[in-house]
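As a plain string of letters, each chain reads:
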Amino acid sequence: MRPVSRVSTNNKSSQRPVSAQVARRRDLRRQRRQTLLLQLWRFVALLLLSGGFSWILLRHGWTLRSPEAVILTGGAALESNQVIEAAKLRFPSPLLEVSPRELEQQLVGVLPVHSAHVQRRMFPARLVISLKPEIPIARAERRGPAGRERGLLNAAGEWIPLSDAVADPLTEIVVRGWNSPQRGQVAALLQQRNRFAGMLKAIVLDPDGNISLITTELGRIDLGGEPALLNTQIDTILHLNRTLPKHLRGAHHSSLDLSNPDRPELQLPAPPAPKQPKTEP
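Residues numbered from 1 in each chain as written. Predicted model: local features only at pLDDT ≥ 70, side-chain atom pairs only at ≥ 80, totals over all residues. Heavy atoms only, no water.

Engineer: When you look at the overall build of the protein chain in this model, what are you seeing that I'm missing?
Structural biologist: Of regular secondary structure, the protein chain possesses seven helices and 14 strands. Across the 281 residues of the protein chain, 33% fall into the buried class. Excluding contacts between residues fewer than 6 apart, the proportion of contacts in the protein chain whose partners are at least 24 apart in sequence is 51%. For the protein chain, the accessible surface area stands at approximately 19200 Å², while carbon and sulfur atoms represent 54% of it. (Helix = DSSP H or I, 4+ residues; strand = E, 2+ residues; numbered from the N terminus. Buried < 20%, exposed > 50% of the residue type's maximum accessible area, 1.4 Å probe, protein only. Contact = heavy atoms within 4.5 Å. Areas by Shrake-Rupley, 256 points an atom, 1.4 Å probe, with all protein chains shown as cover.)

Laid out in structure tokens, this is it:
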């Protein structure tokens with residue numbers, strides 16, 4: 001009989017009513033779970049809505065719809081269609097798909113400009129392109145695959161293709177036989193052009209690496225092919241132009257060898273042969 005009494009006692013204890021404090025804790029936990037789930041659903045819904053709105057805005061809101069959305073500044077003598085063609089822009093085109101850095105590099109590589117700066121504007125959607133024009137210093141000639149080519153050079157000795165968008169050069173100097181390996185020496189001469197006071201007319205680059213100058217006062221000046229001597233050679237040219245007698249400075253077809261600036265050699269044209277008197281038969 002005792003075992004039976006134990007079972008009945010356990011059943012009575014399991015059916016004992018839950019206290020009000022325990023029930024309140026359970027309700028609070030249930031409410032917190034419901035609140036958390038509700039907040040999670042709200043976050044997911046907001047994320048989906050914002051993502052969809054962003055996609056719509058990117059595809060249809062911030063879009064370059066026509067060439068009028070491209071604004072040119074900077075003073076370069078280029079038309080909008082030339083820049084758009086060089087940039088390979090198509091309309092309509094999402095604004096945020098345009099990379100300003102890549103577009104700047106592309107424009108400088110294709111157009112006759114010194115530099116390019118690209119900005120994206122959101123409201124309204126447009127592309128602002130500032131192009132700094134190239135400033136040519138001298139005219140130039142070089143040997144190309146199709147024969148002799150004509151172009152221009154900037155102060156760095158870099159080749160500029162002829163174009164209506166490029167201004168006339170600042171000087172009348174002509175560089176003949178331009179090539180990339182001698183660009184540094186050409187740049188040094190062009191940057192010191194004012195020291196020649198207008199007497200420098202042409203820079204001649206020989207295939208063997210030698211450089212010659214054509215001047216109004218000293219005729220042809222051979223500099224050789226040693227870039228390290230260039231500053232000394234220019235000083236020597238200016239000194240000789242001040243000290244040589246006028247009849248030597250103005251001699252036609254004269255030649256000055258400055259490959260060794262410490263020992264300049266002036267070669268004058270040979271005097272004309274005397275005329276032989278006519279003998280009568």
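Engineer: Would you mind going over a positive patch on the surface with me for this structure?
Structural biologist: On the surface, Arg24, Arg25, Arg26, Arg29, Arg32 and Arg33 cluster together into a positively charged patch. Checked against the element boundaries, Arg29 lands in helix H2 (residues 20–61). The exposure class of Arg29 is partly exposed, given its relative accessible area of 39%. (Patch = residues over 30% accessible without salt bridge, like charges linked within 9 Å, V, L, I, M, F, W, Y side chains within 5 Å. Salt bridge = Lys/Arg side-chain N within 4 Å of Asp/Glu carboxyl O. Lys, Arg positive; Asp, Glu negative; His and termini not counted. Charge placed at Lys NZ, Arg CZ, Asp CG, Glu CD.)

Engineer: Could you clarify how one ought to interpret the pattern of salt bridges in this entry?
Structural biologist: Where charged atoms of side chains with opposite charge meet at close range, the side chains can pair. Enumeration over the complete set of coordinates arrives at six salt bridges. Of the charged contacts, one joins Glu141 and Arg148 as a salt bridge, the two residues approaching to 3.9 Å between their closest N and O atoms. On the basis of relative accessible area, Arg148 is assigned to the exposed category, the value being 52%. Here Glu149 ties to Arg142 by a salt bridge, and the two come within 2.9 Å at their closest N and O atoms. Judged by its relative accessible area of 24%, Glu149 falls in the partly exposed class. A network of salt bridges, in which partner residues are shared, links Glu141, Arg148 and Arg150.

Engineer: Explain the environment of Val98 here, please?
Structural biologist: In this fold, Val98 is placed in the loop between strand E3 (93–94) and helix H4 (100–110). It is 9.8 Å that separates the C-alpha atoms of Val98 and Gln119, two residues lying 21 residues apart in sequence. Dropping the residues within four chain positions of it, Val98 is found in contact with Leu64, Leu89, Leu103, Arg120 and Leu127.

Engineer: Honestly, the sheet that holds strand E4 (residues 113–121) in this entry has me stumped. Any pointers?
Structural biologist: In any sheet, the strands associate via hydrogen bonds between backbone groups, in a parallel or an antiparallel arrangement. If you walk across this open sheet you meet the three strands as E2-E5-E4, and the pairing is mixed. The sheet terminates laterally at strand E2 (70–73) and E4, the two strands that pair on one side only. Averaged over all adjacent pairs, the angle separating strand axes in this sheet is 20 degrees, with direction ignored. The sheet contact formed by E4 and strand E5 (residues 126–133) spans eight bridges and is antiparallel. Counterpart to Val118 in the pairing with E5 is Ile129. Lying over the sheet, H4 contacts E4 and E5, oriented at roughly 150 degrees with respect to E4. (Pairing = 2+ DSSP bridges. Axes fitted to C-alpha atoms, helices over the stretch in contact; angles between N-to-C directions.)

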